[in-house]
Each structure stands twice: as C-alpha cells, then as structure tokens.
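Report on the structure
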Amino acid sequence: ILVSISLTQTLRDGLGDLNSDDSINILDVILVMNYIIDVGESFTDYQMWAADVNQDGNINVLDIIQIVNVILGLDIFENYPIEVLFIGNSYTSYNGGIYTHVEALVTEAHPQWEPNISAIVQGGATLQMHWNNETTRETISSGGWDIVVLQEQSTRPIENPDLMFIYGELLGALITESGAEPMLFMTWPREWAPETIEQLDESYSHLGQLIQAEIAPVGRAWELSYLTDGNMNLYASDGSHPNAYGTYLASCVFYGAIYDETPVGLTYGIIPDMTIAERVFLQEISWQALLDYQGEE
C-alpha cells in the first residue's frame, strides 16, 4: 500500500519530495535510504536539498524518520513565512523600504517562493499612534499574516519606555489573536549618541519578553559594523535616518531573522554602485550580529 501526503504550495515546497512527483511517499524514503547506503545514482543538487528535511547539513536516518512521520500524518514540515507585515515609521520606509529589499533578497534566494512583504508606515509614528490608528488595527486583525514586525519611534525606548511597553503589549496581543507571530525591530542609536544602544536593547528585550516576540537586532548589527569598520557610514546626513547602506544592513538582518538563513552570497544590492566587497561585508555583519544576539538570549 502506497501511503502519501500531498504538499500544498509553501515556502518549503519540495522539501522531502526527492523525485518531484508532488507528494511525499515511500519512494522518497527509498531514495534517501539508497543515498545513505551508497546505492543507486548520485543525487542532484535539488535532491541533496530535498533529502535534508531537518536542514542540519547532513542526510541520515533522522531525515528518514521525519519523512516517515509526515507520511503517517504525525508531523508536517514547517513553512517559512510568506505574508509579512512591517509596522513602523520612516526608519522602516527610508530608501524604498526595508520590506521591499527583504522581498528582493527572498526572491533572489528562492525564486519559487511568492512572498508578500508589505508595510504600514507613517513618519515619526510611535506604537501608540499605530494602536490608535483604526487602519493599522484592522489590517492586523484581518489575519493572513505570518509575521508582523513592530518598530517603535527611535527615541521612545530611551525617553519613555513605559509607553512603548503599554502599546507594544496591546499590539502584540492583537497580532497573536490574529494568528500571526510578532517580531520586534530593534533600531539603532542616533549617530551622536552611540551609547544609547544599551537602552534600546534593554527596552526591546523587555517588550520581547512581554509579548513573546523574536527580536531583529538591527541596532546591534550597526554597532558591530562600526566596531569592525568605522569607515562604513550607515547614516543619512541627519545622523538619524539610514542611508542606503544602513537600510541594506537592516534588510539583511531581517532576512536572516525571518527566514533563519544567511544572506551571505546573495547578489542583490540596494544601489547600483554598491561594491561586491561592501555588499558582502554588510551581509556578513548582519548574520554575525544575529548569531551573536541569539546566542546571548
């Protein structure tokens, strides 16, 4: 008896389906077993990816177990987020919008995916203003989002964190009720006050605990960038908003945080004259900052 389960189109479409017949069944188990005992034809690059169902970099009996569990209906493969909503202000929307560049990175890395990454942004907006905005609340409540990213106004986490926590909790509860996961956008300090990164980190970490949200440590990535190469300017002329390099670094952090994979090696650049060395530097900084931050949690 051939037991199979068909996969719907998801961000991990094809994972476990080694023979590309649009289902996961005993034939896929046999292919993985043959690979492990070195019998049969060599795997293609696609099959190597599809066989490593737990994405640990190895193909072994653990992958067979997970495939069998899927066939028996005991397990499903985790879907990567398709529908992502950013809620913030000009820090999010500058230089074409972080959301635009995250989608471009995803599209390059996984052309078969069809992500919808959009935003509700208003210049200078706080989480309080977004909570009081009926459009923002209705957009969240409409459902269909996998992740909703919250970005507080740049100085509120420093000057009035209590208001950040109050409205962050309200929005976080709304996001959770809608079936989505909240994520926080830890912003960077003003250029003339780099020491305030500690207060930013503390406030975002506290709110993250309150609403059980993952944090995209963009501010820490900026810090790491300057510690590694002080000549890489990330600020616009006002010393507050990001220039194109700052937005690109933030976008790479979000790519790693949302999709749990490194952006290093992608060729998409935010501006035509960004050099390969600059692009790779920012990609590597974003991934290292994310790993460092997750290791501290």
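Up top is the structure these notes are about.
Residues numbered from 1 in each chain as written. Predicted model: local features only at pLDDT ≥ 70, side-chain atom pairs only at ≥ 80, totals over all residues. Heavy atoms only, no water.

Under the criterion given, the structure shown has twelve aromatic pairs. Look at Phe86 and Phe254: their rings are 5.0 Å apart centre to centre, the planes differ by 70 degrees, and that puts the pair in the edge-to-face class. Taken together, the residues Phe86 in strand 3 (residues 83–88) and Phe254 in helix 12 (residues 244–259) connect sequence positions 168 residues apart. Note on Phe86: relative accessible area 1%, which makes it buried. Taking the centre distance of 5.1 Å and the plane angle of 90 degrees together, the rings of Phe185 and Phe254 count as edge-to-face. Taken as a pair, Phe185 in strand 6 (residues 181–185) and Phe254 in helix 12 lie far apart in primary sequence, 69 residues in all. Summarising the burial analysis for this pair, Phe185 and Phe254 share the class buried. By way of ring pairs, the aromatic residues Phe86, Tyr91, Tyr99, Phe185, Trp188, Trp222, Tyr226, Tyr235 and Phe254 are connected into one cluster. The ring of Trp131 carries Arg137 above its face, with NZ or CZ at 5.7 Å from the centroid. (Phe/Tyr/Trp six-rings, centres within 6.5 Å; stacked < 30°, edge-to-face > 60°. Helix = DSSP H or I, 4+ residues; strand = E, 2+ residues; numbered from the N terminus. Buried < 20%, exposed > 50% of the residue type's maximum accessible area, 1.4 Å probe, protein only. Lys NZ or Arg CZ within 6 Å of the ring centre and 35° of its normal.)

Turning our attention to a nonpolar patch on the surface. Taken together, Tyr35, Ile36, Ile37, Val39 and Met48 make up a surface patch of nonpolar side chains, about 420 Å² in accessible area. Within the secondary structure, Ile36 is located in helix 1 (residues 26–36). (Patch = residues over 30% accessible without salt bridge, like charges linked within 9 Å, V, L, I, M, F, W, Y side chains within 5 Å. Areas by Shrake-Rupley, 256 points an atom, 1.4 Å probe, with all protein chains shown as cover. Salt bridge = Lys/Arg side-chain N within 4 Å of Asp/Glu carboxyl O.)

What the five strands build is an open sheet, ordered 4-3-5-6-7; its pairing is parallel. A single partner strand is all that each edge strand has here, and the edge strands are strand 4 (116–121) and strand 7 (214–216). Strand-to-strand, the axes of this sheet are offset by a mean angle of 25 degrees, without reference to chain direction. Against the sheet, helix 7 (residues 134–141) contacts strand 3 and strand 4, and its axis sits at roughly 160 degrees relative to strand 3. (Pairing = 2+ DSSP bridges. Axes fitted to C-alpha atoms, helices over the stretch in contact; angles between N-to-C directions. Contact = heavy atoms within 4.5 Å.)

Looking at helix 3 (residues 61–71), one finds that the buried residues are Asp63, Ile64, Gln66, Ile67, Val70 and Ile71. Projected onto a plane normal to the axis of helix 3, the buried residues spread over an arc of 165 degrees and lie on a single side. With a side-chain oxygen positioned 3.0 Å from the backbone nitrogen of Leu62, the residue opening helix 3 is Asn60. Just beyond helix 3, the residue with positive phi is Gly73, at close to 80 degrees. (Arc of directions from axis to C-beta. Polar contact = N/O pair within 3.5 Å; in protein donor to acceptor, adjacent residues only side chain to side chain.)

Counting buried positions along strand 3 gives five out of six residues, so the element sits mostly inside the fold. Where strand 3 and strand 5 (residues 147–150) come together, four bridges link them in parallel fashion. Counted as the bridge partner of Phe86 is Val149 from strand 5.

To continue, consider the pattern of salt bridges. Applying the stated criterion across every chain, the model contains three salt bridges. A salt bridge links Asp201 to Arg220, with the nearest nitrogen and oxygen atoms 2.7 Å apart. Of this pair, Asp201 sits in helix 10 (residues 197–211) while Arg220 is found in helix 11 (residues 218–228), placing the two residues 19 residues apart along the sequence. Taking the relative accessible area as the measure of exposure, Arg220 reaches 16% and is therefore buried.

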